[in-house]
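Structure at a glance
In case you want the letters, here they are:
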2 protein chains.
Amino acid sequence: MSSIKVVGIGPGNLSDMTERAKLAIVEAEVIVGYNTYIKLIEPLIYDKQVIGTGMMQEIERCKAAVEASLTKNVVVVSSGDAGVYGMAGLVLEMILNIPHELRPNFEVIAGVSAVNAAASILGAPLMHDFAVISLSDLLTSWNLIKKRIECAAQGDFVIAIYNPKSRKRTENIVEVQQIILKYRDKNTPVGIVTGASRDNESKIISTLEKFTDEEINMFSLVIIGNSQTYVKENYMITPRGYKI
Amino acid sequence: MSSIKVVGIGPGNLSDMTERAKLAIVEAEVIVGYNTYIKLIEPLIYDKQVIGTGMMQEIERCKAAVEASLTKNVVVVSSGDAGVYGMAGLVLEMILNIPHELRPNFEVIAGVSAVNAAASILGAPLMHDFAVISLSDLLTSWNLIKKRIECAAQGDFVIAIYNPKSRKRTENIVEVQQIILKYRDKNTPVGIVTGASRDNESKIISTLEKFTDEEINMFSLVIIGNSQTYVKENYMITPRGYKI
């Protein structure tokens, strides 16, 4: 029986990928994913069939992957963890529409998520309860996103922000900042990691008042501290509460 | 110069560990961690010095690790991701108290977090914004934990619960259930994964009304769906919002 595996390849560098993910890629006949991600795993692909284009929409790409998986072993790659804003859900929804007798084996292989990679670069900002929120309003209403930011700020969660900016969407992050400033001190630490675990990795530690002045783009992940988070020697730390 | 690396070993199986984590362990002179975690990585340890005991408290263990790292290359292992309720923060806080000229190199190596591993087993429950909350009230007041549950429920976050129960703490999860029931339908899907990626891995899919009747222990991770989450053929799916 053929199979389709949705594989989280981690933040970028091959050394941050799990053995299980590598093995799935090496054993696959067809690899599907964004060109950017395909490029990151090139050494593992050799002469496999690749369905990878920057232009094709997520839905079309998933359809092509699912169709190929009816007769071949397919891997769909997602950066970070495939289960967090990745391809796991869309592929699973399509697979469940196929009659049982034709259905390929389905598996999600978890990877190191972008938020965990960014945290490791900043120090230890996620040692306490946290919320993960995407600012992309293509599929989610901006009002719901703002409500979630408000709730997360009220609950004193560390807040990790995916998709903080795109070329067209540059002002939402400022609105987010203004909402959180209602609940948190203006000196609350904010970490920005861009291109985590890739060649151009960069790290900035700023404050809630000033972080929107820094370079933030679609490859950035922003982590906003809670009321206990502090900065020491360019490390961002949210204490778990141990008395040392 | 000597070094101390805090390494996330992933949920349990060696194949879910990253190459970077493995290499750090293989290259270390001293390995520090809970006996349970040391056991999981035994094939990588050979004849290294091991500081691993079930009885020693986190703070004592970290102190021993930091002391050893003044002259040797030390790895502190944490299950899942070392940066999420793991050892990264405590080690970093201690390292920053050491004068610069004596200080070993410090690094956090991110791993596959328990929440991502559990999600991959349940299907695709984390495809939308989510909150991660620990119910352990050893270091955090129960009132703050309840407030966070309330805020996360109000914001319609998918809610991932770490440390849902311990031997002594069995009723908090019921209080959590009652809080969330104020905001969400009683049929909201709830997934419970116990021992993810280990030999005794188990998966239960239940509902907000009934999940507390199921077996939940200190190795369980509980994921409570948002208002859009649904169950199909024993998979739990939170749709991202694509129209397919």
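Residues numbered from 1 in each chain as written. Chains lettered and ligands numbered in written order. Predicted model: local features only at pLDDT ≥ 70, side-chain atom pairs only at ≥ 80, totals over all residues. Heavy atoms only, no water.

Things to note about helix α6 (residues 114-122) of chain B
- Across the nine residues that make up α6 of chain B, a large majority, eight, are buried.
- Every buried residue of α6 of chain B is listed here: V115, N116, A117, A118, A119, S120, I121 and L122 of chain B. (Buried < 20%, exposed > 50% of the residue type's maximum accessible area, 1.4 Å probe, protein only. Helix = DSSP H or I, 4+ residues; strand = E, 2+ residues; numbered from the N terminus.)

Some thoughts on the interface of chain B and chain A
- Between chain B and chain A, the residue contacts involve 71 residues of the former and 71 residues of the latter.
- Between chain B and chain A, roughly 6,400 Å² of surface is buried when both sides are summed, and carbon and sulfur atoms account for 58% of that area.
- The tally of links from chain B across to chain A stands at ten salt bridges.
- Between E19 of chain B and K22 of chain A there is a salt bridge, and its shortest N-O distance comes to 3.3 Å.
- Inspection of the chain B/chain A interface yields 36 residue pairs in polar contact (both at pLDDT 80 or more).
- A class-by-class count of the residues in the side of chain B that touches chain A yields 34 nonpolar, 21 polar and 16 charged. (Contact = heavy atoms within 4.5 Å. Buried area = accessible area lost by both parts, 1.4 Å probe. Salt bridge = Lys/Arg side-chain N within 4 Å of Asp/Glu carboxyl O. Polar contact = N/O pair within 3.5 Å; in protein donor to acceptor, adjacent residues only side chain to side chain. Nonpolar A, V, L, I, M, F, W, Y, C, P; charged D, E, K, R; others polar.)

Notes on the packing of aromatic side chains
- Using the criterion set out here, one finds six aromatic pairs over all chains in the structure.
- Where Y34 of chain A meets Y37 of chain A, the ring centres are 5.6 Å apart and the plane angle is 90°; that geometry is what we call edge-to-face.
- In this structure Y37 of chain A comes out as buried when scored by relative accessible area, which is 18%.
- Ring centres of Y235 of chain A and F106 of chain B lie 5.7 Å apart, and the angle between their planes is 90°; on these two criteria the pair is classed as edge-to-face. Of this pair, Y235 of chain A sits in strand β13 (residues 235-237) while F106 of chain B sits in strand β5 (residues 105-109), which puts the two residues in different chains.
- Overall, F106 of chain B belongs to the buried group, its relative accessible area being 14%.
- Across the ring face of F157 of chain B, the terminal group of R148 of chain A is positioned such that the distance to the ring centre comes to 5.8 Å. (Phe/Tyr/Trp six-rings, centres within 6.5 Å; stacked < 30°, edge-to-face > 60°. Lys NZ or Arg CZ within 6 Å of the ring centre and 35° of its normal.)

By themselves these figures say nothing about function.
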